[in-house]
Amino acid sequence: DTEVTQTPKHLVMGMTNKKSLKCEQHMGHRAMYWYKQKAKKPPELMFVYSYEKLSINESVPSRFSPECPNSSLLNLHLHALQPEDSALYLCASSHLTREQYFGPGTRLTVT
Amino acid sequence: EDKVVQSPLSLVVHEGDTVTLNCSYEVTNFRSLLWYKQEKKAPTFLFMLTSSGIEKKSGRLSSILDKKELFSILNITATQTGDSAIYLCAVDKLIFGTGTRLQVFP
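Residues numbered from 1 in each chain as written. Chains lettered and ligands numbered in written order. Predicted model: local features only at pLDDT ≥ 70, side-chain atom pairs only at ≥ 80, totals over all residues. Heavy atoms only, no water.

**Focus: the state of the cysteines**
Per the stated rule, a full pass over the model turns up two disulfides over all chains. Paired through a disulfide, Cys-23 of chain A and Cys-91 of chain A show a sulfur-sulfur distance of 1.8 Å. Around the S-S axis, the bridge from Cys-23 of chain A to Cys-91 of chain A shows a dihedral of about -70° and counts as left-handed. Taken together, the residues Cys-23 of chain A in strand S3 (residues 18-25) and Cys-91 of chain A in strand S9 (residues 87-94) connect sequence positions 68 residues apart. Here Cys-23 of chain A matches Cys-91 of chain A in class, with each residue buried. Covalently, Cys-23 of chain B is tied to Cys-89 of chain B through a disulfide, its sulfur atoms 1.9 Å apart. Across the S-S bond linking Cys-23 of chain B and Cys-89 of chain B, the dihedral sits near 75°, which makes this disulfide right-handed. (Disulfide = S-S within 2.5 Å. Helix = DSSP H or I, 4+ residues; strand = E, 2+ residues; numbered from the N terminus. Buried < 20%, exposed > 50% of the residue type's maximum accessible area, 1.4 Å probe, protein only.)

**Comments concerning the packing of aromatic side chains**
For the structure on display, the rule yields nine aromatic pairs over all chains. Geometrically, the ring pair formed by Tyr-35 of chain A and Phe-102 of chain A is tilted, given 5.5 Å between the ring centres and 40° between the ring planes. In this pair, Tyr-35 of chain A is assigned in strand S4 (residues 31-37) and Phe-102 of chain A in strand S10 (residues 101-102), connecting sequence segments 67 residues apart. Take Phe-102 of chain A: its relative accessible area is 11%, and that puts it in the buried class. Taking 5.6 Å as the distance between ring centres and 35° as the angle between the ring planes, the aromatic pair formed by Tyr-36 of chain B and Phe-96 of chain B counts as tilted. Of the two residues, Tyr-36 of chain B sits in strand S4 (residues 33-38) while Phe-96 of chain B sits in strand S10 (residues 95-96), which places them 60 residues apart along the sequence. Taking relative accessible area as the criterion, Tyr-36 of chain B reaches 0% and is therefore assigned buried. Given a relative accessible area of 8%, Phe-96 of chain B falls into the buried group. (Phe/Tyr/Trp six-rings, centres within 6.5 Å; stacked < 30°, edge-to-face > 60°.)

**Quick look at the interface of chain B and chain A**
Each side of the interface is counted separately: chain B has 15 residues, and chain A has 20 residues. Between chain B and chain A, roughly 1400 Å² of surface is buried when both sides are summed, and carbon and sulfur atoms account for 63% of that area. Counting every contact that joins chain B to chain A gives zero salt bridges. Residue assignment for the side of chain B that touches chain A shows that the elements contributing at least two residues are S4 and strand S5 (44-49) of chain B. With three residues, S4 of chain B is the single largest residue contributor to the side of chain B that touches chain A. Here the residues of the side of chain B that touches chain A are counted per class, giving nine nonpolar, three polar and three charged. (Contact = heavy atoms within 4.5 Å. Buried area = accessible area lost by both parts, 1.4 Å probe. Salt bridge = Lys/Arg side-chain N within 4 Å of Asp/Glu carboxyl O. Nonpolar A, V, L, I, M, F, W, Y, C, P; charged D, E, K, R; others polar.)

**Examining the pairing of strand S1 (residues 3-7) of chain B**
All names here are of chain B. Only one face of S1 is buried, namely the one carrying Val-4 and Gln-6, since none of Lys-3, Val-5 and Ser-7 on the opposite face is buried. Two elements, S1 and strand S3 (residues 19-26), share five bridges in a ladder whose sense is antiparallel. Residue pairing in the sheet places Gln-6 in a bridge with Cys-23 of S3. (Pairing = 2+ DSSP bridges.)

**So, the sheet that holds S3 of chain A**
Residues and elements named next belong to chain A. The strand order S1-S3-S8-S7 describes an open sheet built from four strands, whose pairing is antiparallel. The sheet terminates laterally at strand S1 (4-7) and strand S7 (64-70), the two strands that pair on one side only. Across this sheet, the average inter-strand angle for adjacent strands is 20°, counted without regard to direction. With five bridges joining them, S7 and strand S8 (residues 73-79) adopt antiparallel strand pairing. Note that in S8 the partner of Asn-70 across the bridge is Leu-73. (Axes fitted to C-alpha atoms, helices over the stretch in contact; angles between N-to-C directions.)

Worth remembering: the numbers are spatial, not functional.
Below, the structure is given as C-alpha coordinates:
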(Lines give C-alpha, C1' and ligand atoms only; values in the text may rest on other atoms or scores of the structure.)
Protein backbone atom coordinates (compact mmCIF):
# COMPACT_ATOMS: atom_id res chain seq x y z
CA ASP A 1 0.00 0.00 0.00
CA THR A 2 1.75 3.17 -1.23
CA GLU A 3 -1.12 5.53 -0.68
CA VAL A 4 -1.71 8.54 1.51
CA THR A 5 -5.40 9.25 1.97
CA GLN A 6 -6.95 12.54 2.98
CA THR A 7 -10.49 13.38 4.03
CA PRO A 8 -12.55 15.26 3.18
CA LYS A 9 -11.73 16.04 -0.46
CA HIS A 10 -13.56 19.36 -0.25
CA LEU A 11 -14.56 21.45 2.76
CA VAL A 12 -16.47 24.70 2.97
CA MET A 13 -16.55 26.31 6.39
CA GLY A 14 -17.55 29.59 7.96
CA MET A 15 -15.16 31.70 9.97
CA THR A 16 -16.71 30.60 13.28
CA ASN A 17 -16.71 26.87 12.52
CA LYS A 18 -14.42 24.18 13.91
CA LYS A 19 -13.45 21.41 11.54
CA SER A 20 -10.67 18.85 11.13
CA LEU A 21 -8.72 17.52 8.18
CA LYS A 22 -7.54 13.92 8.34
CA CYS A 23 -4.59 12.14 6.76
CA GLU A 24 -3.72 8.45 6.92
CA GLN A 25 -0.89 6.24 5.65
CA HIS A 26 0.02 2.60 6.20
CA MET A 27 3.51 2.58 4.74
CA GLY A 28 5.29 2.60 8.10
CA HIS A 29 6.51 6.14 7.49
CA ARG A 30 7.58 7.92 10.67
CA ALA A 31 7.61 11.46 9.21
CA MET A 32 4.38 13.20 8.29
CA TYR A 33 3.87 16.68 6.89
CA TRP A 34 1.20 19.32 6.34
CA TYR A 35 1.55 21.79 3.46
CA LYS A 36 -0.64 24.64 2.29
CA GLN A 37 -0.82 25.37 -1.43
CA LYS A 38 -2.48 28.45 -2.92
CA ALA A 39 -3.37 28.59 -6.60
CA LYS A 40 -0.37 28.80 -8.93
CA LYS A 41 2.05 28.69 -6.00
CA PRO A 42 4.29 25.89 -4.71
CA PRO A 43 3.42 24.02 -1.51
CA GLU A 44 4.41 25.82 1.69
CA LEU A 45 5.45 23.72 4.64
CA MET A 46 3.30 24.13 7.76
CA PHE A 47 4.19 21.29 10.16
CA VAL A 48 6.40 18.21 10.34
CA TYR A 49 5.94 15.30 12.73
CA SER A 50 8.74 12.81 13.34
CA TYR A 51 7.93 9.73 15.40
CA GLU A 52 4.61 11.30 16.38
CA LYS A 53 6.30 14.37 17.82
CA LEU A 54 6.04 17.85 16.33
CA SER A 55 9.49 18.68 15.01
CA ILE A 56 8.83 21.68 12.78
CA ASN A 57 6.21 24.42 13.06
CA GLU A 58 6.75 27.06 10.38
CA SER A 59 5.28 29.89 12.47
CA VAL A 60 1.76 28.82 11.59
CA PRO A 61 -1.07 30.80 13.27
CA SER A 62 -2.66 29.04 16.24
CA ARG A 63 -5.99 28.74 14.43
CA PHE A 64 -4.32 25.72 12.81
CA SER A 65 -3.64 22.97 15.33
CA PRO A 66 -1.94 19.74 14.24
CA GLU A 67 -2.27 16.42 16.01
CA CYS A 68 -0.58 13.07 15.44
CA PRO A 69 -2.52 10.48 17.49
CA ASN A 70 -0.45 7.55 16.19
CA SER A 71 2.13 6.69 13.56
CA SER A 72 -0.49 6.28 10.80
CA LEU A 73 -2.70 9.31 11.39
CA LEU A 74 -2.24 13.03 11.14
CA ASN A 75 -4.97 15.58 11.81
CA LEU A 76 -5.20 19.30 11.27
CA HIS A 77 -7.77 21.02 13.47
CA LEU A 78 -9.16 24.28 12.14
CA HIS A 79 -10.83 27.00 14.18
CA ALA A 80 -11.77 30.61 13.45
CA LEU A 81 -10.18 30.59 10.01
CA GLN A 82 -10.00 33.57 7.68
CA PRO A 83 -10.98 33.69 3.99
CA GLU A 84 -7.28 33.95 3.07
CA ASP A 85 -6.79 30.48 4.58
CA SER A 86 -8.69 29.05 1.61
CA ALA A 87 -6.24 26.75 -0.19
CA LEU A 88 -5.38 23.15 -1.01
CA TYR A 89 -4.05 21.42 2.12
CA LEU A 90 -1.67 18.60 1.32
CA CYS A 91 -0.51 15.86 3.63
CA ALA A 92 2.61 13.84 2.90
CA SER A 93 4.57 11.09 4.57
CA SER A 94 8.04 9.60 4.21
CA HIS A 95 10.71 7.51 5.78
CA LEU A 96 12.99 10.05 7.41
CA THR A 97 15.63 10.06 4.67
CA ARG A 98 13.54 9.05 1.68
CA GLU A 99 11.11 10.67 -0.75
CA GLN A 100 7.65 11.83 0.25
CA TYR A 101 4.32 10.49 -0.86
CA PHE A 102 1.59 13.09 -1.08
CA GLY A 103 -2.10 12.66 -0.48
CA PRO A 104 -4.63 14.09 -2.95
CA GLY A 105 -5.28 17.10 -0.73
CA THR A 106 -8.29 18.76 0.84
CA ARG A 107 -9.57 21.82 -0.97
CA LEU A 108 -10.69 24.21 1.76
CA THR A 109 -12.91 27.23 1.22
CA VAL A 110 -13.51 29.63 4.11
CA THR A 111 -16.56 31.84 3.70
CA GLU B 1 17.41 32.90 4.42
CA ASP B 2 17.09 29.54 2.67
CA LYS B 3 15.78 29.73 -0.87
CA VAL B 4 15.13 27.54 -3.89
CA VAL B 5 14.78 29.14 -7.32
CA GLN B 6 13.59 27.44 -10.48
CA SER B 7 13.95 28.55 -14.07
CA PRO B 8 12.38 29.10 -16.43
CA LEU B 9 9.04 29.87 -14.79
CA SER B 10 7.23 28.74 -17.91
CA LEU B 11 8.15 26.77 -21.02
CA VAL B 12 6.14 26.01 -24.15
CA VAL B 13 7.46 23.37 -26.57
CA HIS B 14 6.31 21.01 -29.31
CA GLU B 15 6.12 17.25 -28.95
CA GLY B 16 9.50 15.65 -29.55
CA ASP B 17 11.51 18.58 -28.19
CA THR B 18 14.01 18.16 -25.37
CA VAL B 19 13.73 20.43 -22.33
CA THR B 20 16.04 21.27 -19.45
CA LEU B 21 14.63 22.62 -16.21
CA ASN B 22 16.84 24.27 -13.62
CA CYS B 23 16.76 24.40 -9.84
CA SER B 24 19.28 26.38 -7.80
CA TYR B 25 19.38 26.53 -4.04
CA GLU B 26 20.93 28.28 -1.09
CA VAL B 27 20.30 26.41 2.16
CA THR B 28 22.23 26.08 5.38
CA ASN B 29 22.16 22.30 5.84
CA PHE B 30 21.61 20.52 2.55
CA ARG B 31 20.78 16.83 2.62
CA SER B 32 18.76 16.10 -0.50
CA LEU B 33 17.03 17.63 -3.50
CA LEU B 34 13.80 16.19 -4.84
CA TRP B 35 11.93 16.66 -8.12
CA TYR B 36 8.15 16.35 -8.38
CA LYS B 37 5.58 16.57 -11.16
CA GLN B 38 2.29 18.25 -10.33
CA GLU B 39 -0.70 18.06 -12.65
CA LYS B 40 -4.18 18.70 -11.30
CA LYS B 41 -3.67 17.60 -7.74
CA ALA B 42 -0.87 16.41 -5.47
CA PRO B 43 2.80 16.35 -6.52
CA THR B 44 4.12 12.97 -7.61
CA PHE B 45 7.70 12.01 -6.88
CA LEU B 46 10.24 11.83 -9.71
CA PHE B 47 13.76 11.80 -8.30
CA MET B 48 15.70 12.23 -5.09
CA LEU B 49 19.32 13.38 -5.38
CA THR B 50 21.88 13.39 -2.62
CA SER B 51 25.24 13.01 -4.36
CA SER B 52 26.89 15.24 -6.94
CA GLY B 53 27.47 14.04 -10.45
CA ILE B 54 25.39 10.88 -10.34
CA GLU B 55 22.64 10.93 -12.95
CA LYS B 56 19.29 9.44 -12.06
CA LYS B 57 17.24 8.24 -14.99
CA SER B 58 13.68 7.05 -15.49
CA GLY B 59 12.58 6.56 -19.07
CA ARG B 60 12.78 9.90 -20.88
CA LEU B 61 13.48 11.81 -17.66
CA SER B 62 16.87 12.27 -16.05
CA SER B 63 18.30 14.48 -13.36
CA ILE B 64 21.66 15.39 -11.91
CA LEU B 65 22.90 17.39 -8.94
CA ASP B 66 25.90 19.70 -8.63
CA LYS B 67 26.58 20.34 -4.94
CA LYS B 68 29.52 22.60 -5.67
CA GLU B 69 27.55 25.02 -7.84
CA LEU B 70 24.33 24.39 -5.85
CA PHE B 71 21.97 23.43 -8.62
CA SER B 72 20.17 20.55 -10.23
CA ILE B 73 18.73 20.01 -13.69
CA LEU B 74 15.84 17.89 -14.88
CA ASN B 75 15.96 16.80 -18.51
CA ILE B 76 13.01 15.49 -20.48
CA THR B 77 13.75 14.09 -23.94
CA ALA B 78 11.22 13.47 -26.73
CA THR B 79 8.53 15.37 -24.84
CA GLN B 80 4.90 14.26 -25.06
CA THR B 81 1.68 16.14 -24.33
CA GLY B 82 1.36 14.06 -21.17
CA ASP B 83 4.50 15.75 -19.83
CA SER B 84 2.56 19.01 -19.52
CA ALA B 85 2.59 19.86 -15.81
CA ILE B 86 4.29 21.95 -13.19
CA TYR B 87 7.68 20.60 -12.20
CA LEU B 88 8.73 21.37 -8.66
CA CYS B 89 12.05 20.93 -6.94
CA ALA B 90 12.34 20.85 -3.17
CA VAL B 91 15.29 20.83 -0.83
CA ASP B 92 15.10 18.43 2.11
CA LYS B 93 11.34 18.06 1.52
CA LEU B 94 10.92 21.35 3.33
CA ILE B 95 11.44 24.21 0.86
CA PHE B 96 9.86 24.12 -2.57
CA GLY B 97 10.92 26.18 -5.54
CA THR B 98 8.41 28.27 -7.48
CA GLY B 99 8.02 25.57 -10.10
CA THR B 100 8.35 25.48 -13.89
CA ARG B 101 5.13 25.23 -15.88
CA LEU B 102 5.78 23.06 -18.94
CA GLN B 103 3.28 22.98 -21.78
CA VAL B 104 3.85 20.50 -24.60
CA PHE B 105 1.78 21.01 -27.76
CA PRO B 106 1.25 18.41 -30.48
